[in-house]
Amino acid sequence: MKEGFRQAMAWLHTWTGLIFGWLLFAIFMTGTMSYFKEEISHWTQPEVPNRALDPAASLDLAQRYLQEHAPTAGSWFIELPNAREPALSVSWPKAGGGRRDFTSKTLDPATGAELQARETRGGNFFYRFHFQLEMPHPWGRWLSTFAAFIMLLGLVTGIITHKKIFKEFFTFRPGKGQRSWLDGHNAIGVLVLPFHLMISYSSLVIFMAMVMPASIIASYGDNTRGFFNDLFGGQSQVQAAGTAAPLLPLPQLYAKVQEQAPGANLAWVEVQNPGDQNARVRFARHAGDRIAHQRGGGWLFDGVNGTLEGGSQIEATPVLISGGMYGLHMGIFAGPWLRWLYFFFGLAGTAVIGTGLVMWLGKRQLKHAKSGTQPFELRLVEVLNIASMSGLLIGVAAFFWANRLLPIGLEGRADWETNCFFLLWALSLVHAMLRRGRRAWAEQLGFGALMWAGLPLLNGLTTGQGLNHSLAVGDWAMAGFDLTALASGLFLAWAASKMWRAPVVAAKRAPKAAPGKLIESEVN
Amino acid sequence: MKSKAAGLPISYRLAVTSRSLAAVFGGYLLAAMASVCITLLLPVPRAEAVISGMMLSFLFYLVAFLWCFACRSAWQAWLGVLVPSLVLAMISGLAYWMKNP
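Calculation notes
- Every chain is numbered independently, its residues counted from 1 as its sequence is written.
- Working convention: letters from A go to chains and numbers from 1 go to ligands, in the order in which they are written.
- Predicted model: local features are reported for residues with pLDDT of at least 70 only, side-chain atom pairs are reported and counted for 80 or more only, and whole-chain, interface and lining totals are derived from all residues.
- Side-chain metrics rest on all non-hydrogen atoms present in the structure, leaving aside hydrogens and water.
- Strands here mean DSSP runs of E at least two residues long; helices mean DSSP runs of H or I at least four residues long; both are numbered from the N terminus.
- Between the two quantities, the radius of gyration covers C-alpha atoms and the globule rule is 2.2 Å times the number of residues to the power 0.38.
- Only protein chains enter the accessibility calculation, which uses a 1.4 Å probe. A residue is then buried if its area is under 20% of the maximum for its type, exposed if over 50%, and partly exposed in between.
- Using a 1.4 Å probe, the Shrake-Rupley method yields the accessible areas, and only the shown protein chains count as cover for residues.
- In this tally, Asp and Glu contribute negative charge and Lys and Arg positive charge; neither His nor the terminal groups of the chain are included.
- Charge placement uses NZ in Lys and CZ in Arg. For Asp and Glu, CG and CD serve respectively.
- The contact criterion used throughout is that any non-hydrogen atoms of two residues lie within 4.5 Å.
- Each of two parts loses accessible area, computed with a 1.4 Å probe, when they are put together; buried area is these two losses added.
- A pair is scored as a salt bridge if a Lys or Arg side-chain nitrogen falls within 4 Å of a carboxyl oxygen belonging to Asp or Glu.
- We call two N or O atoms a polar contact when they sit within 3.5 Å, provided that within protein one can donate a hydrogen and the other can accept it, with sequence-adjacent residues counted only if both atoms are side-chain atoms.
- Gly falls in the polar group here, along with every residue not listed as nonpolar (Ala, Val, Leu, Ile, Met, Phe, Trp, Tyr, Cys, Pro) or charged (Asp, Glu, Lys, Arg).

*Asks:* I would appreciate a short explanation of the overall build of chain A in the present structure.
*Replies:* On a plain count of helices and strands, chain A comes out with 20 helices and six strands. Computed over its C-alpha atoms, the radius of gyration of chain A comes to 26 Å, within 12% of the 24 Å expected for a compact globule of 524 residues. In terms of overall dimensions, chain A has C-alpha extents of about 90 × 60 × 40 Å along its principal axes. Counting across all 524 residues of chain A, residues that qualify as buried make up 51%. Total accessible area computed for chain A in this model is approximately 24,700 Å², and 63% of it derives from carbon and sulfur atoms. Taken as two groups, the 45 positive and 35 negative side-chain charges of chain A have centres that lie 17 Å from each other.

What follows is the structure, encoded as structure tokens:
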């Protein structure tokens, strides 16, 4: 920090990277998985069948179901099935419950029959963990947003530190211990740099109203509601008139939406005051129809006479930029190929963080290689590295094992799944404390490999929807999950086998290697 | 900055702590003041100005953070975030007063 600008930036890169690396690894890992949130949810609820999509028919079935089971509810909420998520779900506020207290049911989109799907949080768990970290509101969001800022800082300081960014991009020296890690860290970091910059900056934009509210307060004073109303159009709740009137069939209103915007995909439909003179029906467009995210968009109808009462939307440049950032981050618009690209970019981000953590430690361990003992702080970092990386992978696999093995009717089943995730993660921390570094890596990676590679088998045995079935009927979400789990298992097995072997003693080579010195001066 | 962590003098550690505080809190203050200033000065509708201010504020935070660790001393780090914050606050105050006399 006392030396030149670049050294100061390298110092900042090293230490912010170390302190936030473990957290960022988990955030990136679960965020990457969230690009396949719907597919994961589908895997975790194998009871929900894949049907041909017919939104009008699904709406009709949902309306019949709600008419029968919740005729007096103040509002209905219908989530339509789509190409990635086959479930049709309906929900309504519980009588006498709080504002967020809902009864929800999953229906078969072809018959309208109630489905008894296992209770699970599915892909939603990893999605929520990615930005809330299972912490009480709003602390998890604050912490993950700050971590995103540190990621952005790490990228910028990394670019400043890394002076020969393009020359060294083509430099990769495998099998050279510490130097291979640095080359890998640099190559992946630079290759996916635009994605990394976008993903970390956009996460700040997503939560900007929460983390940077000063300008809202300066401009709107106490009336923060006014700001959101200006942006998204006020979504005022219409009071019930108290006189009964039949609700129009929803497929009829759906046809009107299709007249307005042919081919529009819908995400959900909300009915306010069903069965009342003042019924209102809101159709929300699926976010995948456009890149820029748009809140409060859609169509609002009078539910009794069917007139359109649409709301206006600002489409000014700043709104489009911030909505675009949001949309790019979530990637809901992405088709299968782009979605896989997102997934691999996310994995690359995870790898950059992981290699950075490994390097920090490796570099410092070299100095203690001869004495054979390492100081407490290095041992601490080693344990945390192991638990935060291989331990997390074991925890995630444990979640899916629990999903298949816990009894269907278990009280609080969804919570037990997440408990298994945290329990195995915590156990891996204990294991890392008890075993020596390299051995701990090897054992955990090996165990992780078994768990991941075993998932397709477990799925086939417990649900009868294993790869032989899913590939045959073309259930790509199910097959894709199983194949990805298998590939992850193989990758972990490869990593474990590397760790089982005797370590490459880079310490012996270090004095000889003159070019290594140059790089060493860049990052410490 | 080799890993001689145990041998570092206490004054050095205090200076690093001070810089970190300046970066996290001072930097945030600077970013917030910048976002307010941009919001009040941009000649676009209110909601859009707010969004622009919020989006740009993170760049100020970033630069403030870099400054706090790039400058020569911890005192400079604090001065470098507090003085611009004060200036931005005064400009914002003026702009606010002209809008709401």
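*Asks:* How should I be thinking about unusual backbone geometry in this particular structure?
*Replies:* Backbone geometry follows two general trends: most residues other than glycine have a negative phi, and most peptide bonds adopt the trans configuration. Residue and element names in this part refer to chain A. With an omega of 0°, the peptide bond between His 137 and Pro 138 qualifies as cis. Note that Pro 138 resides in the loop between helix 4 (122-132) and helix 5 (139-161). Even without glycine at this site, Glu 134 takes up a positive phi of about 60°. Within the secondary structure, Glu 134 sits in the loop between helix 4 and helix 5. Relative accessible area serves as the criterion here: at 37%, Glu 134 is assigned to the partly exposed category. Positive phi outside glycine occurs at Asn 273, with the angle close to 50°. Residue position: Asn 273 is located in the loop between strand 4 (266-272) and strand 5 (280-285). Overall, the relative accessible area of 11% leaves Asn 273 in the buried class.

*Asks:* Sorry, what's going on with helix 2 (residues 37-44) of chain A here?
*Replies:* Residues and elements named next belong to chain A. Among the eight residues of helix 2, seven are classified as buried, and the element is accordingly described as predominantly covered. Buried within helix 2 we find Glu 38, Glu 39, Ile 40, Ser 41, His 42, Trp 43 and Thr 44. Those residues of helix 2 that are buried lie in contact with helix 1 (5-34), helix 4, helix 14 (376-405), helix 16 (437-463) and helix 18 (476-500).

*Asks:* I keep staring at the interface of chain A and chain B and nothing clicks. Help me out?
*Replies:* Interfaces are often sized by the accessible area lost when the parts come together. Contacts between the two partners involve 43 residues from chain A, matched on the other side by 32 residues from chain B. Taking both sides of the interface into account, the surface hidden between chain A and chain B amounts to around 3,600 Å²; carbon and sulfur atoms contribute 77%. Linking chain A to chain B there are zero salt bridges. Taken together, the links from chain A to chain B amount to four residue pairs in polar contact (both at pLDDT 80 or more). At the level of elements, helix 1, helix 5, helix 7 (193-206), helix 8 (208-211), helix 9 (214-220), helix 10 (224-232) and helix 12 (317-330) of chain A are the ones that each hand at least two residues to the side of chain A that touches chain B. Sort the elements by how many residues they give to the side of chain A that touches chain B and helix 5 of chain A lands first, with nine residues. Residue classes in the side of chain A that touches chain B are distributed as 33 nonpolar, five polar and five charged.

Bear in mind that shape data such as this cannot, by itself, settle questions of function.
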